[in-house]
Amino acid sequence: MWNDLGQRCLILISVVCVLSFGLANALNGFANAEGYPDISVTLPGQLKFVHVIYRHGDRTPVDPYPTDPWGDLKNWPTGWGQLTNIGKQEHYDLGKWLRKRYSSLLPSKYSDDDIYIQSTDVDRTLMSAQSNLAGLYEPQGEDIWNSDIKWQPIPVHTIPEKQDPILAAKAPCPAYDYELESLESSPEFKTMTEKHRDLFAYLSKKSGRSVKTFVDAQYLNNTLFIENLYNMTLPEWTKKAYGGEELTYVANFAFAISSYTRKLARLKAGPLLKDIFQRFADKSSGRLVPDRLMWVYSAHDTTISNVLNALKLFELHSPPYTACIMLELRVDEINMPLVSILYKNTTAEPLPLDIPGCGPSCPLKKLVDLYQDVLPVDWERECKLSTMMMTYEEANLGAATGIIAIALLFTSYGLMIYYRRRNYKLYTSYSQMA
Ligand SMILES: *[C@@H]1O[C@H](CO)[C@@H](O)[C@H](O)[C@H]1NC(C)=O
Ligand SMILES: *[C@@H]1O[C@H](CO)[C@@H](O)[C@H](O)[C@H]1NC(C)=O
Ligand SMILES: *[C@@H]1O[C@H](CO)[C@@H](O)[C@H](O)[C@H]1NC(C)=O
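These numbers were taken from a predicted model, which means no experiment stands behind them. (Residues numbered from 1 in each chain as written. Chains lettered and ligands numbered in written order. Predicted model: local features only at pLDDT ≥ 70, side-chain atom pairs only at ≥ 80, totals over all residues.)

1. Here we look at the overall build of the protein
Stage number 1. Scanning the protein from terminus to terminus reveals 16 helices and six strands.
Stage number 2. Within the protein, the proportion of its 434 residues that are buried is 38%.
Stage number 3. For the protein, the proportion of contacts with a sequence separation of at least 24, taken over those separated by at least 6, is 76%. (Helix = DSSP H or I, 4+ residues; strand = E, 2+ residues; numbered from the N terminus. Buried ≥ 20, exposed ≤ 12 C-beta atoms within 10 Å, placed from the backbone. Contact = placed C-beta atoms within 7 Å.)

Encoded structure:
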């Protein structure tokens, strides 16, 4: 009995280890820097539906650093991390631009049967969505309810961040946390962090706040970026770091981390992509109820980078204010659904991106196949950490033998972490950009 069980456990351990090797290798397929070829084609087919994902507009710093000469709230009367008047204008302008681009798709008179707007539950994204809608749906004719106000109320839907696995992507996901932790403690990742040790030490000393990670440095860079944008003179010490190649690279790189492996991308951006693809499928088969034309997501820089990265379309950069991804569904003469992805992050007209392995106009079915690796089948289940590969139930062990099995599982878990950390091969393409 014990021997038998021991053997079973050993076999299970081996299986777990083998699987983890396989996974770790599979996970290395991160985006190579593609996109923005010179595609001056008009897209085939007729536009039927569009998903729009945008970042909020100009905002105040989220949290100034301890030695910040501009760290007093009197310099930022709208409060920390809030949308500013500039930000409202930016989104109003983007709304006008969307109205122009989609004038033939979307009636200019508002109807809830045409459009759905969803925002993360954060003031600046909610307010950005509202500003954007002011530009997209200026009231016309009988919708004018007060001739002094060229604005009409339009619903923006939201759910608390911690309950939102889809847009805020902040619902708890232990398997994600575990995966990120393994990545960050892998020798290769540590080496990459180590490269910037002097910069981090300098920033920590001068800012009065510990800067240990890419993300810590990104936050500080962002506060300096905003203060500089607001013509506030930055302290002398910042000249050695801010605006320089290294800090800019580090800040940009921070946006690649949360979806660095295919598994991270799957658990972080996967639920959103899955919803979008499903809606495209429903739309093209006439099963979308109501039969809407546009779906809007108001979110963050990290939403933009995670979605682009999951799609293997992310080029290392900090997504600017009002950066906007459009996923357009067209239907050609033989009723084939085709998807194009555009990214507008400047005032220039965006071009369709070159979807890796499919081009600027990709059949929906092929698109879903191409990104199968980042589409969760059952996100909640995949997020469960229960000794990673096995739940106790799956191990199907009796109560008496459970304890020893758990001990063995923990051992294998430890081994697995060890091997996986050894196995992370990091992206060299980014180091080359440093
Ligand atoms: C970091 O600063 C650079 C300018 O030096 C800017 O281009 C970039 O957008 C900043 N990144 C963030 C996250 O603020
Ligand atoms: C900063 O100064 C420039 C040049 O004078 C000006 O155009 C810009 O509006 C100022 N920025 C802000 C946020 O006041
Ligand atoms: C805009 O996006 C492209 C492609 O991702 C990127 O290379 C570029 O740095 C971005 N520019 C800005 C201003 O964000």
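And the narrative resumes.
2. Overview of the sheet that holds strand β6 (residues 362-363)
Stage number 1. Read across the open sheet, the six strands follow the order β2-β3-β1-β4-β5-β6; overall the sheet is mixed. Sheet topology places β2 (115-119) and β6 at the edges, where each strand pairs with a single neighbour.
Stage number 2. Where β2 and strand β3 (residues 294-299) come together, five bridges link them in parallel fashion. Following the sheet pairing, isoleucine 115 is matched in β3 by methionine 294.
Stage number 3. Contacts between helix α3 (residues 123-136) and the sheet are confined to β2 and β3, with β2 contributing the most and set at about 150° to the helix.
Stage number 4. Packed on one face of the sheet, helix α10 (residues 270-284) meets β1 (46-55), β3, β4 (324-331) and β5 (337-344) and runs near 25° to β4. (Pairing = 2+ DSSP bridges. Axes fitted to C-alpha atoms, helices over the stretch in contact; angles between N-to-C directions.)

3. A few points about the environment of phenylalanine 277
Stage number 1. Among the structural elements, phenylalanine 277 can be located in helix α10.
Stage number 2. Looking at phenylalanine 277, the number of C-beta atoms within 10 Å reads 18, which means it is partly exposed.
Stage number 3. Phenylalanine 277 sits 88 residues away from lysine 365 along the chain, and the two C-alpha atoms are 9.4 Å apart.
Stage number 4. Other than its neighbours up to four places away in sequence, phenylalanine 277 contacts Val368 and Leu375.

4. Observations concerning unusual backbone geometry
Stage number 1. Proline 290 follows valine 289 through a cis peptide bond whose omega is -15°.
Stage number 2. Relative to the helices and strands, proline 290 is located in the loop between α10 and β3.
Stage number 3. Of note in the backbone geometry, asparagine 231 takes a positive phi value of approximately 60° without being a glycine.
Stage number 4. With respect to the helices, strands and loops of the structure, asparagine 231 is situated in the loop between α7 (214-229) and α8 (245-257).

5. Remarks on the pairing of β5
If a strand is regular, its side chains alternate between the two faces of the sheet.
Stage number 1. Within β5, seven of the eight residues are buried, leaving the element largely enclosed by the surrounding structure.
Stage number 2. Relative to β5, β4 runs antiparallel, the two sharing eight bridges. In the strand pairing of β5, isoleucine 325 is matched with tyrosine 343.
Stage number 3. Counting the residues that bridge the hairpin from β4 to β5 gives five residues, and of these asparagine 335 lies at a positive phi of roughly 70°.
Stage number 4. The pairing of β5 with β6 spans two bridges and is antiparallel.

6. Notes on the confidence of the model for the protein
Stage number 1. Confidence in the prediction for the protein averages 87 pLDDT; 79% of positions are at 70 or higher.
Stage number 2. The low-confidence segment residues 9-40 (pLDDT under 50) makes 54 contacts with residues lying over four places distant or belonging to another chain.
Stage number 3. Confidence drops under pLDDT 50 across residues 390-400; counting only partners more than four residues distant or on other chains, this segment forms 10 contacts. (pLDDT = per-residue confidence, 0-100.)

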